[in-house]
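Architecture and fold: a report
For reference, the chains in residue letters:
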Amino acid sequence: MTTLVTGATGNTGRHVVAELVRRGERVRALTRNPAARFPAGVELVAGTHNAPETLDTALHGVDRLHITVTPGLSEVGPELVRRAVAAGVRRLTVLWGGWVGPVEQAVADSGVEWTRLEAQEFMSNTLTWADSIRAEGVVREPYDLPSALVHEADIGAVAAVALLDDGHAGQAYNLTGPESLTPSERLAILSRTLGRDLTFERITHEQAIDRLTATGVSQADAEYVVGWYAESNDSSRTVDDTVPRIIGRPARTFTQWTTEHANRF
């Protein structure tokens, strides 16, 4: 059986690929980077899931499909799901975009086995601090509210279980890490890992939006992202036991994540 992983070089997609390979599965990796490197045996397919009309060949012979909801997919994702099911895909996992939108709903209505991965904040979001840490040793954020960040490799592990093992159809899994940390607490952990003093400074809500729009993010998307941090909710800040329950081991900690990525700071 073959599994197609979309966004296969992304923060989470590459972990889905790695976990499937570790379990001895045949994997087809969809990426816009034709020079991407994958473990031996992985079939690279150049393309994007944002253009489902181009993916008939990629979907041929695929039994299972992992979809990561990314910007722009809301408009075309339902067509991707339709084409996948028509091609013979019988099991889907979808890493949501933060809410149940058109793609997530299309997966739920697909008529085949599906699992929705409702991951909370990714630990890799911390990489947005890398430039200011390298340059100044300073992180500037508008809010200091707790978040139960989840390691991307744990998302990949849960996705692999849901794709390969029975008993997960029709489930929506809330995925968190093992601890709820504020940005300043995360920075303190990163400081210990790097052996370097780092400073946390508060900025205003408006400054945070302006910082995002200056990088090319739309006003609406910037307001959504900053607003998400401004309104910490139970799901985002409360540790959930779903990850260890599904994968059979403790969820990875933020300290582990910082050790793995220290060279990037």
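Scope of this entry: the structure provided in the associated data block.

Rules of the game
Residues numbered from 1 in each chain as written. Predicted model: local features only at pLDDT ≥ 70, side-chain atom pairs only at ≥ 80, totals over all residues. Heavy atoms only, no water. Helix = DSSP H or I, 4+ residues; strand = E, 2+ residues; numbered from the N terminus. Rg over C-alpha atoms; globule rule 2.2 N^0.38 Å. Contact = heavy atoms within 4.5 Å. Lys, Arg positive; Asp, Glu negative; His and termini not counted. Charge placed at Lys NZ, Arg CZ, Asp CG, Glu CD. Core = buried A, V, L, I, M, F, W, Y, C linked by side-chain atoms within 4.5 Å. Buried < 20%, exposed > 50% of the residue type's maximum accessible area, 1.4 Å probe, protein only. Pairing = 2+ DSSP bridges. Salt bridge = Lys/Arg side-chain N within 4 Å of Asp/Glu carboxyl O. Axes fitted to C-alpha atoms, helices over the stretch in contact; angles between N-to-C directions. Polar contact = N/O pair within 3.5 Å; in protein donor to acceptor, adjacent residues only side chain to side chain. Parallel < 35°, antiparallel > 145°, perpendicular 65-115°, else oblique. Left-handed = near helix turned anticlockwise from the far one by under 90°. Nonpolar A, V, L, I, M, F, W, Y, C, P; charged D, E, K, R; others polar.

**With respect to the overall build of the protein**
Across its full length, the protein carries twelve helices and nine strands. Computed over its C-alpha atoms, the radius of gyration of the protein comes to 19 Å, within 12% of the 18 Å expected for a compact globule of 265 residues. Here the C-alpha coordinates of the protein stretch approximately 55 × 40 × 40 Å along the principal axes. Put simply, 72% of the contacts in the protein that link residues at least 6 apart link residues at least 24 apart. Charge centroids of the protein, computed over 25 positive and 34 negative side chains, lie 7 Å from each other.

**Focus: the nonpolar core**
Most often, soluble globular proteins have nonpolar side chains that are buried together. Counting 26 residues, the largest nonpolar core has L20, V158 and L175 as the members making the most contacts within it. Every element with two or more residues in this core is listed here: α1 (13–22), β2 (26–31), β6 (113–119), α6 (152–164), β8 (171–175) and α11 (242–247). When residues of this core are assigned to their parent elements, the largest contribution, eight residues, is made by α6. Not counting residues up to four positions away in its chain, the partners in contact with V158 are L117, Y173, L175, V243, I246 and I247.

**Concerning the pairing of strand β1 (residues 2–5)**
Burial of β1 is two-sided: the residues T2 and L4 facing one way and the residues T3 and V5 facing the other way are all buried. Sheet analysis places β1 next to β2, joined by four bridges and oriented parallel. If you follow T3 over to β2, its bridge partner there is V27.

**Observations regarding the pattern of salt bridges**
Under the counting rule described, the total for this entry stands at 19 salt bridges. For R23, the salt bridge is made with D165, and the minimal N-O distance between the two is 2.8 Å. Here R23, found in the loop between α1 and β2, pairs with D165, found in the loop between α6 and β8; they are 142 residues apart in sequence, far enough to count as distant. Overall, D165 belongs to the partly exposed group, its relative accessible area being 27%.

**Some thoughts on the pairing of strand β4 (residues 64–68)**
The side chains of a regular strand alternate between both faces of the sheet. Burial of β4 is extensive: five of the five residues sit out of reach of the surface. Alternating positions in β4 separate into two faces, R64, H66 and T68 on one and L65 and I67 on the other, with burial throughout. In this sheet, β4 lies alongside β1 in parallel orientation, the contact comprising three bridges. Paired with L4 across the strands is L65, a residue of β4.

**Side note on the sheet that holds β4**
Spatial strand order, β3-β2-β1-β4-β5-β6-β8: seven strands in an open sheet with parallel pairing. The open sheet has two free edges, formed respectively by β3 (43–46) and β8, since each of these has just one partner strand. In this sheet, neighbouring strand axes are inclined to one another by 15° on average, regardless of whether the strands run parallel or antiparallel. Pairing of β6 with β8, which is carried by five bridges, proceeds in the parallel orientation. Paired with T115 across the strands is Q171, a residue of β8. In this fold α1 packs onto β1, β2 and β4, with an angle of close to 165° to the strand it touches most, β1. Relative to strand β5 (residues 91–95), α6 is tilted by about 160°, and along the sheet it contacts β1, β4, β5, β6 and β8.

**Observations concerning the side chain of S124**
Position of S124 relative to the elements: it lies in the loop between β6 and α5 (130–136). Side-chain polar atoms of S124 contact the side chain of N11, separated by 3.4 Å. Setting aside its immediate chain neighbours within four residues, S124 contacts N11, E152 and W257.

**Considering the packing of α1 against α6**
Look at α1 against α6: their axes get within 8 Å of each other, and the N-to-C directions meet at 55°. Relative to α6, α1 is oriented oblique. Of the two possible hands of crossing, α1 and α6 adopt the one that is right-handed. Contacts between α1 and α6 involve H15, V16, E19 and L20 from the former and E152, A153, G156, A157, A159, A160, L163 and L164 from the latter. Classifying every residue of the contact of α1 with α6 by side-chain character gives eight nonpolar, two polar and two charged.

**Description of the environment of T12**
Assignment of secondary structure puts T12 in the loop between β1 and α1. Here T12 falls in the buried class, since its relative accessible area comes to 4%. Counting along the chain gives 13 residues from T12 to E25, while the straight-line C-alpha distance between them is 18 Å. Excluding residues within four positions of it along the chain, T12 makes contact with T68, L95, F122, E152 and I155.

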